[in-house]
Structures are given as structure tokens and as C-alpha cells.
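# Working through the structure, step by step
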Amino acid sequence: MSAPTSSLTPPEGARPPVRHPDAPAPGELLGAHYDQCFGCGRDQAHGLHLETRAGEGVSVTAVFTVKAAHQGAPGLAHGGVLATALDETIGSLSWVLRTIAVTGRLETDYVLPVPVDTELHLDARVTAVHGRKIYGTATGRIGAPDGPVAVRANALFIEVKVDHFIENGRDTEIRAALEDPDQVRVARAFEVNP
Ligand SMILES: CCCCCCCCCCCCCCCC(=O)SCCNC(=O)CCNC(=O)[C@H](O)C(C)(C)COP(=O)(O)OP(=O)(O)OC[C@H]1O[C@@H](n2cnc3c(N)ncnc32)[C@H](O)[C@@H]1OP(=O)(O)O
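Here is what the cut-offs are and how they apply
Residues numbered from 1 in each chain as written. Predicted model: local features only at pLDDT ≥ 70, side-chain atom pairs only at ≥ 80, totals over all residues. Helix = DSSP H or I, 4+ residues; strand = E, 2+ residues; numbered from the N terminus. Rg over C-alpha atoms; globule rule 2.2 N^0.38 Å. Buried ≥ 20, exposed ≤ 12 C-beta atoms within 10 Å, placed from the backbone. Contact = placed C-beta atoms within 7 Å. pLDDT = per-residue confidence, 0-100. Pairing = 2+ DSSP bridges.

### What to know about the overall build of the protein
Helices and strands together make up the secondary structure of the protein, namely 5 helices and 7 strands. Helices and strands in the protein line up, N terminus first, as β-β-β-α-α-β-β-β-β-α-α-α. Taken over the C-alpha trace, the protein has a radius of gyration of 16 Å; the compact-globule value for 194 residues is 16 Å, and the two agree within 12%. Dimensions of the protein along its principal axes, counting C-alpha atoms only, are 45 × 45 × 30 Å. For the protein, buried positions account for 33% of its 194 residues. Pairs at least 24 apart in sequence give 66% of the contacts found in the protein among residues at least 6 apart.

Below, the structure written as C-alpha cells:
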């Protein structure tokens, strides 16, 4: 397997990540950052409904059960859906850093096909931080946290302010989010002042 491309390799001067003192405790279930999120949203009927927990250090674990709606080939998960699961899991590290960040680059290795009904056990961690750039990595294993590796990803996330969403999101959803006390509570958990 070749090394990650240079933009996914932390530059000189990158620092180890720091777990926020108010991060959820290891093992704590992280809720959805947004109820309509395709990765974690409880109200998103077609979504992945990832269940993510804080881990030790700057890490998380997640479980994704592959449903019939997630197929690409007959009986197998779509590769884009698996990339979403990896992306969402790495994105959930925001809860542990208490920083909002969005995916800039995501590079995925597909190692094994993943059948429908599989419980995919994911883990992700931040490897380094350089300014607004957050370097993360994730692995998805079939059936158990120590099961065979099916997918892997390396990613570069970029820290953003809440204005990123307010300026770019569709008005209807942004207005609803700002009027929803639960959503505001989540934004505060990321140390955001909406
Ligand atoms: C009211 C509502 C409240 C809601 C409260 C909670 C919301 C919590 C939501 C979280 C959601 C997570 C969900 C899962 C994760 C997604 O799926 S996120 C969605 C997918 N991603 C996107 O939509 C991002 C689209 N891209 C962008 O908006 C912009 O390109 C970015 C990423 C913000 C960067 O733009 P920018 O801020 O202008 O930054 P820029 O100065 O260009 O780059 C900064 C640095 O990053 C590097 N960089 C930037 N992009 C790249 C790249 N693609 N490759 C390599 N390097 C790059 C630059 O080279 C630069 O490096 P340095 O010069 O500092 O060394």
C-alpha cells in the first residue's frame, strides 16, 4: 500500500492533538450534531444512523449497520456510503477537540467487500494538528472491533467558524437550526457562539 499523498501528511511543525478538557468521557455516546445529517441524524430516514462514542485521547468509535438502502452491487454496500461512514466518524472527532471542522480531503482504501446486514465497527483518531488543519485517520472492521479490516481512510479536515454554515447553508434549514435550542446546545458543545 502506498503512503498517503503529501497533502494528507502533516507538515513539519504539526503538533499532536489535544483532548479538550470538557470533551465527553471515553465510552460516552455522542448524539447527532444535526438531526438531518446523512451520517448521524436521527431524523434522516435514508441516513446511516451511525452510533458514535468518545474514545481515549483524541479518538472515537462508531458502529454502522449496513442496510438494503446502502447497496451498490447486489447485497454489498456502496463504496460512497462506506466513504461517508469513514468521513462521519472522522468528523465526530470534533466532539473531542470541541472544534468545528469540515472535510477538505478524504482518501479511502477499500480492502474487503461489505455485505448488507454487516455491523461495521469504525474507529478514528486525530494524528496531528497544524493551524486550522486537522489530520485524521479511520478504519472500518467487519462484525467486531477486532474484525477484519474492510475500509480505511486518511483525511484532512479544516477548522471553520459557525459562519461557514450560516453563509453557505440553505436559509430554511439555517433558520430552523438557529431557532432549535437542541441545535444551539450542540453548537455550544463545539464552543461555537451562534
Ligand atoms: C447554525 C448551524 C450550527 C451547526 C453546528 C454543528 C455543525 C457541525 C457540522 C460538522 C459537519 C461534519 C460532517 C462530516 C464531514 C463533512 O462531510 S463536511 C462537508 C464536506 N466538506 C465541505 O463541504 C467543505 C467544502 N470546502 C470548503 O468550504 C473550503 O474549501 C474549506 C475546506 C473551508 C477551506 O477553505 P478556507 O477556509 O478558505 O481555507 P484555505 O485558506 O483555502 O485553506 C486552509 C488550509 O487548508 C489547506 N486546504 C484546504 N483545502 C484543502 C484540500 N482540499 N486539500 C489539501 N489542503 C487543503 C490549504 O492549503 C491551507 O493550508 P495552509 O496554507 O494553512 O498550510
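### Examining the confidence of the model for the protein
Taken residue by residue, the protein gives an average pLDDT of 94. The fraction at 70 or more is 95%. Across the interfaces of the predicted complex, the ipTM metric reaches 0.96, alongside a pTM of 0.95.

### Things to note about the sheet that holds strand E2 (residues 51-54)
Strand order in the open sheet formed by 7 strands is E1-E2-E3-E5-E6-E7-E4, and the pairing between neighbours is antiparallel. Strands at the two margins of the open sheet, each flanked by one partner only, are strand E1 (29-30) and strand E4 (101-110).

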